[in-house]
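Fold and geometry: a report
Spelled out, the chains give:
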Amino acid sequence: MMSGRIMKGYASIIRLLLFAGCFLFSLFTVSWAGNKIMVEQRTKELDELNKQAVQQIPDLPKDGTVELKAKAEHREGKIQFDIYHQKVYDEEEKIAELDNANSPDDGTVKEGIVDINNKKDTSKEGEKSENDPEDN
Amino acid sequence: MIPKIIRSLIVISVCVGVMAPSGWSGNKRIMTIRAAKVMAERAIVESIYGLKLRATEEVKDMIPASFEGSTETKTQAKIKGIKYEDIVYDQEKDIAKVTASVTLDTITNIDGKKMNLKNKVYRRVGFATSTPEMAGPIRALRAAELDAYKQLIKQIVGFTLESQTKVENYILKSDLVKTKVLATLYLAEVKDYGWDKYGDAYVKMVLNVSDISEILGEGIIDAGQIVEVEGQGAQEDDFKASRKSAKKK
């Protein structure tokens, strides 16, 4: 009597395991039919291809951005790049340019007295004044 | 024992039961086979006359979910004498397979060049179904075919690469990489095709450059070269959901 019950229990566990196994197998089989591996592989290939092309540009900056357009051809078992457009932006140069732009030489206003009744500009002696109404 | 009327009813119902399936089958079988014939014809035209292919691939920040690839093909030709060598119809799956062949002496290809085919037999296979649920493997096979065409063009004609790359501490980090292909292709031959255990399709294509040189009667650089590629195609887009959510954002 007891052994019969145990046997039934084992049988139901085995049945459950088989069902779970079949379910998981079918689930994975469906998910494998997609393009995930192909896309991942192609993404990697594109990255490597781009790196190969960019490395052909001389004097790459330490930090910056590279814009590139190239014609790629298979020659002698290798991909050869014919770069017809390239722009290299160096981030350090940009920072330097910005520093220059902030120098006090440009756009600063000097405090002083401007007398519009005088014929000569007090700031620049010997030169014709811009405020001279008689054009002397 | 059984009344005559009941007996006759049983006989009628048995007859209807036997006759009905063929009556209900409708035009599905014919439509599927016809579609497979058209697919095989197109394959023949693509192989001999040629096709124009435009393809782009783009990936941002090297994230596979951002990968976008598209391939378009175009062909139009009038070819006489296509024969259907083998027609197989699977009623259970509603899938038809047609093998078509053609023998031509000469033809003017997609580039307007006259080719001397010397009565060589060109053979291609086409698959089709009228049941949308069964279309997955056939779609994957066509995707693999287009991928193979694209790879052949990439190897023979080349492609354009456009990119924006960030450099950090002398290390290259690709931000945006794009490839473009636009060319015509003819005389590509299918060597093998099928589906792997995951349901993904593959098509092996070959292009013999010296054969083309001989057929065109022109000297081609790299003559003697045999270009062999394997195209791949899937049934499902695993990144569909992530792309949809990215577009919504």
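Residues numbered from 1 in each chain as written. Chains lettered and ligands numbered in written order. Predicted model: local features only at pLDDT ≥ 70, side-chain atom pairs only at ≥ 80, totals over all residues.

1. Details of the overall build of chain B
Tallying secondary structure elements over chain B gives five helices and 10 strands in all. Within chain B, the proportion of its 249 residues that are buried is 30%. Look at the contacts in chain B between residues 6 or more apart in sequence, and 65% of them connect residues 24 or more apart. (Helix = DSSP H or I, 4+ residues; strand = E, 2+ residues; numbered from the N terminus. Buried ≥ 20, exposed ≤ 12 C-beta atoms within 10 Å, placed from the backbone. Contact = placed C-beta atoms within 7 Å.)

2. Regarding the overall build of chain A
Scanning chain A from terminus to terminus reveals three helices and two strands. Listing every helix and strand of chain A by position from the N terminus yields α-α-β-β-α. Scored against the burial criterion, the 136 residues of chain A give a buried share of 10%. Partitioning the intrachain contacts of chain A with sequence separation of at least 6 by distance along the chain shows that 38% fall at a separation of at least 24.

3. With respect to the pairing of strand 8 (residues 189-195) of chain B
Residues and elements named next belong to chain B. Two strands pair when backbone bridges link them, and strand 8 and strand 9 (residues 201-208) are joined in this way by six bridges, in the antiparallel orientation. Note on strand 9: the bridge partner recorded for Glu189 is Val206. The turn joining strand 8 and strand 9, which pair antiparallel and follow one another in sequence, is formed by five residues; a positive phi near 95 degrees is taken by Gly199. (Pairing = 2+ DSSP bridges.)

4. With respect to the sheet that holds strand 4 (residues 95-108) of chain B
All names here are of chain B. Taken in spatial order, the three strands line up as 3-4-5 in an open sheet, and their pairing is antiparallel. Either end of the sheet is taken by a strand with one partner, and the two such strands are strand 3 (83-90) and strand 5 (114-129). Within the sheet, the average angular offset between the axes of one strand and its neighbour, ignoring direction, is 15 degrees. By the bridge criterion, 13 bridges tie strand 4 to strand 5 in an arrangement that is antiparallel. When the bridges of strand 5 are listed, Thr106 appears paired with Asn116. (Axes fitted to C-alpha atoms, helices over the stretch in contact; angles between N-to-C directions.)

5. Brief notes about the interface of chain A and chain B
The partner chain B presents 33 residues to the 32 residues of chain A that form the contact. Where the side of chain A that touches chain B is concerned, the elements lending two or more residues are helix 2 (36-54) and strand 1 (64-75) of chain A. Broken down by element, the side of chain A that touches chain B gets its largest block of residues, 13 residues, from helix 2 of chain A. Taken together, the residues that form the side of chain A that touches chain B break down as 14 nonpolar, seven polar and 11 charged. In the sheet, strand 1 of chain A pairs with strand 6 (residues 159-168) of chain B via nine bridges, with the strands oriented antiparallel. What sits directly across from Lys71 of chain A, in strand 6 of chain B, is Thr160 of chain B. (Nonpolar A, V, L, I, M, F, W, Y, C, P; charged D, E, K, R; others polar.)

6. Some remarks on the sheet that holds strand 6 of chain B
Taken together, the six strands give an open sheet; going across it, the order is 2(A)-1(A)-6(B)-7(B)-1(B)-2(B), and neighbouring strands pair in antiparallel fashion. For this open sheet the edge positions go to strand 2 (78-90) of chain A together with strand 2 (68-74) of chain B, each flanked by a neighbour on one side alone. Across the sheet, the mean angle from the axis of one strand to that of its neighbour is 15 degrees, orientation sign disregarded. Pairing of strand 1 of chain A with strand 2 of chain A involves 12 bridges; the strand directions are antiparallel. Its bridge partner being in strand 2 of chain A, His74 of chain A is matched across the sheet by Ile79 of chain A.

7. Points about the nonpolar core
Residue and element names in this part refer to chain B. Tyr149, Leu152 and Leu185 are the most contacted members of the largest nonpolar core, which has 58 residues in total. The dominant element in this core, judged by the number of residues it contributes, is helix 3 (residues 135-156), at 11 residues. Apart from residues lying up to four places away in sequence, Tyr149 is in contact with Leu51, Leu53, Thr73, Leu185 and Ala188. (Core = buried A, V, L, I, M, F, W, Y, C linked by C-beta atoms within 7 Å.)

8. Things to note about the environment of Ala188 of chain B
The topology assignment puts Ala188 of chain B in the loop between strand 7 (171-185) and strand 8. Setting aside anything within four residues of it in sequence, one finds Ala188 of chain B in contact with Ser47, Tyr149, Leu152, Met205 and Leu207 of chain B.

9. Describing the confidence of the model for chain B
Mean pLDDT over chain B: 89, with 90% of residues reaching 70 or higher. This complex was scored by the predictor with a pTM of 0.74 and an ipTM of 0.77. (pLDDT = per-residue confidence, 0-100.)

10. Things to note about the confidence of the model for chain A
Detailed reading of the predicted coordinates is not advisable wherever pLDDT is low. All names here are of chain A. In the predicted model, chain A carries a mean pLDDT of 72, and 56% of its residues have values of at least 70. Low pLDDT (under 50) marks residues 27-31, which in the prediction has zero contacts with non-local residues, meaning those over four places away or in another chain. Segment residues 121-136: pLDDT under 50, and 11 contacts once partners within four positions in sequence are set aside and those in other chains are kept.

11. Details of the environment of Thr71 of chain B
All names here are of chain B. By the element assignment, Thr71 lies in strand 2. Expressed as a C-alpha distance, the spacing of Thr71 and Gly50, which sit 21 residues apart in the sequence, is 16 Å. Excluding residues within four positions of it along the chain, Thr71 makes contact with Leu53, Ala55, Leu146 and Lys150.

12. Topic: helix 3 of chain B
Residue and element names in this part refer to chain B. Given a rise of 1.5 Å per residue, 22 residues ought to cover 32 Å, and the 32 Å separating the end C-alpha atoms of helix 3 matches this to within 8%. Burial analysis of helix 3 places 18 of its 22 residues in the buried class, which makes it a mostly covered element. Positive backbone phi, approximately 105 degrees, marks Gly158, located one or two places after helix 3. (Expected span 1.5 Å × (residues − 1).)

13. Some thoughts on unusual backbone geometry
Glycine aside, a negative phi is what most residues show, and trans is what most peptide bonds show. All names here are of chain B. Even without being glycine, Asp61 reaches a positive phi, approximately 50 degrees. By the secondary structure assignment, Asp61 is in the loop between strand 1 (51-60) and strand 2. Assessed through the 13 C-beta atoms surrounding it within 10 Å, Asp61 is described here as partly exposed. Notably, Asp94 is not glycine yet its phi reads approximately 55 degrees, a positive angle. Structurally, Asp94 is set in the loop between strand 3 and strand 4.

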